[in-house]
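For reference, the chains in residue letters:
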Amino acid sequence: MEVKIGVQHTPRELVLESAQSPAEVEQAVTEAMAKDSVLSLTDEKGRKVIIPIAKVAYVEIAESSNRPFGFTTR
């Protein structure tokens, strides 16, 4: 699953592939907002991203789509 995180005063967004479900990511964001703490997510390679929730502009949660590549016929 792909997660895009917009950070305030930063021109680029953070993009990570997570093995967590969309519900788990949404819960992590909601809990961080409720506690006014940090948002902590782990990507598929085991790397951890920690962002102060006060600096998060938005979080976009999207299912990864397995797009065909190369020459295909439909």
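Throughout what follows, the structure given in this document is the object of discussion. Computed from a prediction, not measured in an experiment: that's the story for all the values here. (Residues numbered from 1 in each chain as written. Predicted model: local features only at pLDDT ≥ 70, side-chain atom pairs only at ≥ 80, totals over all residues. Heavy atoms only, no water.)

Here the focus is the nonpolar core. Core analysis: the largest hydrophobic core is formed by 13 residues, its most contacted members being Val3, Ile5, Val25, Leu39, Leu41, Ile53 and Val56. Among the secondary structure elements, those contributing two or more residues to this core are strand 1 (2-7), helix 1 (22-35) and strand 3 (38-42). Those residues in contact with Val25 that lie beyond four places of it in its chain are Met1, Val3, Gln20, Leu41 and Ile61. (Core = buried A, V, L, I, M, F, W, Y, C linked by side-chain atoms within 4.5 Å. Buried < 20%, exposed > 50% of the residue type's maximum accessible area, 1.4 Å probe, protein only. Helix = DSSP H or I, 4+ residues; strand = E, 2+ residues; numbered from the N terminus. Contact = heavy atoms within 4.5 Å.)

What follows is about the sheet that holds strand 2 (residues 14-17). Read across the sheet, 3 strands follow the order 2-1-5 without closing on themselves; strand pairing throughout is antiparallel. At either margin of the open sheet sits one strand with a lone partner, and together these are strand 2 and strand 5 (56-62). Mean inter-strand twist for the sheet, computed between neighbouring axes without regard to direction, equals 15°. Here 4 bridges tie strand 1 to strand 2, and the two strands are oriented antiparallel to one another. Residue pairing across strands places Lys4 opposite Val15, the latter belonging to strand 2. (Pairing = 2+ DSSP bridges. Axes fitted to C-alpha atoms, helices over the stretch in contact; angles between N-to-C directions.)

Before going further, it helps to examine unusual backbone geometry. With phi around 60°, His9 is a residue other than glycine that occupies positive phi space. Note on His9: relative accessible area 78%, which makes it exposed. Here Asp36, not a glycine, exhibits a phi torsion of approximately 55°, which is positive. Tracing the backbone shows Asp36 in the loop between helix 1 and strand 3. For Asp36, a relative accessible area of 58% gives the class exposed.

What follows is about helix 1. When the terminal C-alpha atoms of helix 1 are compared, their 20 Å separation across 14 residues agrees well with the 20 Å that a helix rising 1.5 Å per residue should span. Within helix 1, the full set of buried residues consists of Val25, Val29 and Ala32. The buried side chains of helix 1 occupy one side of the element, clustering within an arc of 65° when seen end-on. Helix 1 presents Ala23, Ala34 and Lys35 as exposed residues on the side facing more than 90 degrees away from its buried surface. Looking at the buried positions of helix 1, the neighbouring elements they touch are strand 1, strand 3 and strand 5. Following helix 1 by one or two positions, Asp36 has its phi on the positive side, about 55°. (Expected span 1.5 Å × (residues − 1). Arc of directions from axis to C-beta.)

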